[in-house]
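# What the coordinates show
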Amino acid sequence: MSSRALDYESLNENVKKAQYAVRGELYLRASELQKEGKKIIFTNVGNPHALGQKPLTFPRQVVALCQAPFLLDDPNVGLLFPADAIARAKHYLSLTSGGLGAYSDSRGIPGVRKEVAEFIERRDGYPSDPELIYLTDGASKGVMQILNTIIRGSSDGILVPIPQYPLYSAAITLNGGTLVPYYLEESANWGLNVNNLRDAVRDARSKGITVRAMVIINPGNPTGQCLSVTNLKELILFCAQQNLLLMADEVYQQNIYQNERPFRSARKVLLDMGPPISKALQLVSFHTVSKGYWGECGQRGGYFEMINISPESVDEIYKVSSVSLSPNVPGQIFMGLMVNPLKPGDISYLKFKQESEGVLESLKRRARIMTDGFNSCRNIVCNFTEGAMYSFPQIRLPPKAIDAANKAGKHPDVFYCLKLLEATGISTVPGSGFGQKEGVFHLRTTILPAEEEMPAIMESFKKFNDEFMEQYDDHRGYSRL
């Protein structure tokens with residue numbers, strides 16, 4: 001009997017080749033152990049509310065009223081909800097064509113896109129056009145849509161930082177393109193070296209690959225670094241010289257834990273540089289409600305903004321967006337609330353300020369606890385998490401551990417992370433899922449576990465690592481830095 005359409009051997013080869021380590025082997029094993037009754041600490045994905053972060057009160061009040069608009073007609077609504085939440089809910093309902101249950105424009109609600117444009121102008125100091133802003137079901141959908149638009153076949157390449165967020169490798173594979181890696185410099189706090197970019201493009205072109213775009217993740221995932229303005233200028237010049245689209249993944253722009261390198265958008269740096277480059281470089285920037293102090297991952301609210309894209313290409317992107325009819329409307333309301341926040345003097349402002357600042361200050365402390373905990377281990381080196389939600393320590397493994405991993409048919413960092421999971425219940429992601437230099441091993445963990453639990457988690461990790469090294473350290477040295 002011939003194979004059927006959904007038999008494994010008949011599937012699209014790109015689907016079978018795609019990998020997504022964040023929900024890969026480690027996550028599946030952690031889920032099995034959880035079913036068996038073991039307590040699992042899921043630090044494998046940046047999912048703040050799943051690890052105990054409380055939702056911000058005001059946006060939930062507004063969306064609750066939007067979801068149940070009959071509450072607005074209740075004479076006692078003012079006893080349950082503050083006046084500014086009631087007013088904001090009425091505002092967003094007035095922007096829809098029939099409440100949250102009705103489709104919106106395929107680009108998103110025009111009034112919310114206007115609020116996004118105003119936010120971008122306040123942030124960068126330059127006007128933004130709402131017609132070039134598309135609301136999406138999280139930033140990931142926007143990334144996938146742009147990659148789908150620009151990848152024409154296997155000879156089209158996309159420059160992606162290594163280590164990278166596996167969304168990019170998976171989406172490039174699914175669209176039949178080629179990932180062109182450029183390596184960040186771990187010894188320079190995961191900095192970007194333009195010479196590495198030139199080498200990567202030269203090598204790709206020698207193999208017949210047309211490099212079409214470059215991805216930056218700022219602040220970094222999984223590496224947690226913040227790009228300096230100097231670095232941003234260098235990579236913008238590089239993209240202009242090489243005629244590349246710049247895709248700026250800026251979803252962690254609220255998550256900054258140091259003062260030396262505050263977040264600067266690629267858009268602002270580009271426009272500050274002025275003509276001719278500011279009129280020539282094609283740029284698409286991405287943002288979301290899933291990160292920052294919001295952490296509303298399940299709401300799936302995001303946007304992308306386009307700069308220097310031709311009207312004909314914008315029309316094609318609109319056409320593809322129209323196939324899905326509408327991004328989810330509650331996610332769009334959350335995006336509106338994020339980009340148009342409460343202001344001093346608003347009834348709910350002080351509570352909102354206290355909640356949001358409390359989240360960021362706690363994340364900053366957790367980043368320090370985790371970095372110091374990793375660096376207290378004799379075989380681990382970890383850069384401080386300057387931004388985002390992750391720590392990406394290098395695990396220096398002894399040859400005996402690498403041999404044991406090879407005998408088990410596992411990559412060495414997968415072997416280490418599986419042992420860690422079994423011993424402690426801490427579910428991480430091996431560095432090999434993000435890409436890393438040959439012979440170097442890492443793991444990625446979020447900094448999201450509750451602050452009061454963090455010392456015990458790091459103590460449990462250190463105990464495991466000490467025992468692992470006792471078992472496998474034969475004093476023949478470690479994997480290199």
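Located above this text is the structure these notes cover.
Now for a quick tour of the structure. Quick caveat: nothing in here was measured; it's all calculated off a predicted structure.

Residues spaced three or four apart along an α-helix point in a common direction, a consequence of the helix completing one turn every 3.6 residues. Buried within helix α3 (residues 57-67) are the following residues: Phe58, Pro59, Gln61, Val62, Val63, Leu65 and Cys66. The inward-facing, buried residues of α3 abut α4 (77-80), α5 (83-95) and α14 (329-339).

Turning our attention to the packing of α3 against α5. Between α3 and α5, whose axes approach to 8 Å, the crossing angle comes to 50 degrees. Judged on the interaxial angle alone, α5 and α3 are oblique. Crossing hand, α3 versus α5: right-handed. Only Asp84, Ala85, Ile86, Arg88, Ala89, Tyr92 and Leu93 of α5 make contact with α3, whose side of the interface consists of Phe58, Gln61, Val62, Leu65 and Cys66. Of the residues assigned to the contact of α3 with α5, the class counts are 9 nonpolar, 1 polar and 2 charged.

Right, let's talk about the nonpolar core for a bit. Grouped together as the largest cluster of nonpolar side chains are 109 residues, with contacts concentrated most on Leu147, Ile158, Tyr168, Met247, Tyr416, Phe461 and Phe468. By residue number, the principal contributor to this core is helix α18 (residues 454-472), which donates 8 residues. Beyond its immediate stretch of four places on either side in the chain, Met247 contacts Val143, Ile146, Leu147, Ile150, Ala213, Met214, Val215, Ile216, Val284 and Phe286. Counting residues in each nonpolar core, the second largest holds 34 residues, with Leu227, Ala266, Val269 and Ile277 among its members.

Here the structure, examined in full by the defined rule, presents 16 aromatic pairs. The interplanar angle of 85 degrees and the centroid separation of 6.5 Å between the aromatic rings of Tyr134 and Tyr318 together place this pair among those described as edge-to-face. Highlighted residues: Tyr134 in strand β2 (residues 133-136) and Tyr318 in helix α13 (residues 311-323), separated in sequence by 184 residues. Residue classification places Tyr318 among the partly exposed positions, given a relative accessible area of 29%. Ring centres of Trp294 and Phe352 lie 6.3 Å apart, and the angle between their planes is 65 degrees; on these two criteria the pair is classed as edge-to-face. Here Phe352 lies in helix α15 (residues 349-375) and Trp294 lies in the loop between β7 (283-288) and β8 (302-307), a separation of 58 residues in the sequence. The class for Trp294 is buried, based on a relative accessible area of 2%. Owing to a relative accessible area of 7%, Phe352 belongs among the buried residues under this scheme. Counting every residue linked through ring pairs, the aromatic cluster contains Phe415, Tyr416, Phe464, Phe468 and Tyr472.

The next thing to look at is the pattern of salt bridges. One pass over the full model with this rule turns up 27 salt bridges. One salt bridge connects Asp124 with Arg267, and the closest N-O pair in it is separated by 3.1 Å. Here Arg267 lies in helix α11 (residues 266-273) and Asp124 lies in helix α6 (residues 110-124), a separation of 143 residues in the sequence. Classification of Asp124 by relative accessible area gives buried; the value is 2%. Accessibility expressed as a relative area gives 2% for Arg267, which makes it buried.

Let's shift gears to unusual backbone geometry. The omega torsion of the bond from Ile162 to Pro163 falls at 5 degrees, within 30 degrees of zero and hence cis. Positionally, Pro163 belongs in the loop between β3 (156-162) and α8 (166-174). The linkage connecting Pro275 with the following residue, Pro276, adopts the cis geometry, with an omega of 5 degrees. Within the secondary structure, Pro276 is located in the loop between α11 and α12 (277-280). The phi dihedral of Trp190 falls on the positive side, at around 60 degrees, and the residue is not glycine. When you line up the elements, Trp190 lands in the loop between β4 (178-183) and α9 (194-206). Phi at Asn308 takes a positive value of approximately 60 degrees, unusual for a residue other than glycine.

Computed from the structure, the largest pocket encloses a volume of approximately 500 Å³. Lining the largest pocket are 24 residues, and of these Tyr20, Ser140, Tyr165, Lys291 and Arg300 lie nearest its centre. Looking at the lining of the largest pocket, the elements that each hand over two or more residues are α7 (138-150) and α8. A per-element tally of the lining of the largest pocket places α7 first, with 3 residues.

To continue, consider the pairing of β4. Taken together, the 6 bridges between β3 and β4 define a ladder with parallel strand orientation. Looking at β4, one finds that Gly157 is bridged to Thr178. For the segment spanning β3, α8 and β4, crossover handedness is right-handed.

Procedures and definitions
Residues numbered from 1 in each chain as written. Predicted model: local features only at pLDDT ≥ 70, side-chain atom pairs only at ≥ 80, totals over all residues. Heavy atoms only, no water. Buried < 20%, exposed > 50% of the residue type's maximum accessible area, 1.4 Å probe, protein only. Helix = DSSP H or I, 4+ residues; strand = E, 2+ residues; numbered from the N terminus. Contact = heavy atoms within 4.5 Å. Axes fitted to C-alpha atoms, helices over the stretch in contact; angles between N-to-C directions. Parallel < 35°, antiparallel > 145°, perpendicular 65-115°, else oblique. Left-handed = near helix turned anticlockwise from the far one by under 90°. Nonpolar A, V, L, I, M, F, W, Y, C, P; charged D, E, K, R; others polar. Core = buried A, V, L, I, M, F, W, Y, C linked by side-chain atoms within 4.5 Å. Phe/Tyr/Trp six-rings, centres within 6.5 Å; stacked < 30°, edge-to-face > 60°. Salt bridge = Lys/Arg side-chain N within 4 Å of Asp/Glu carboxyl O. 1 Å grid on protein atoms, 1.4 Å probe; cavity = no way out; pocket = protein on both sides within 12 Å on 5 of 7 lines; lining within 4 Å. Points joined across faces, edges and corners; volume = space filled by probe spheres on them. Pairing = 2+ DSSP bridges. Right-handed = clockwise from strand over helix to strand, strands pointing away.

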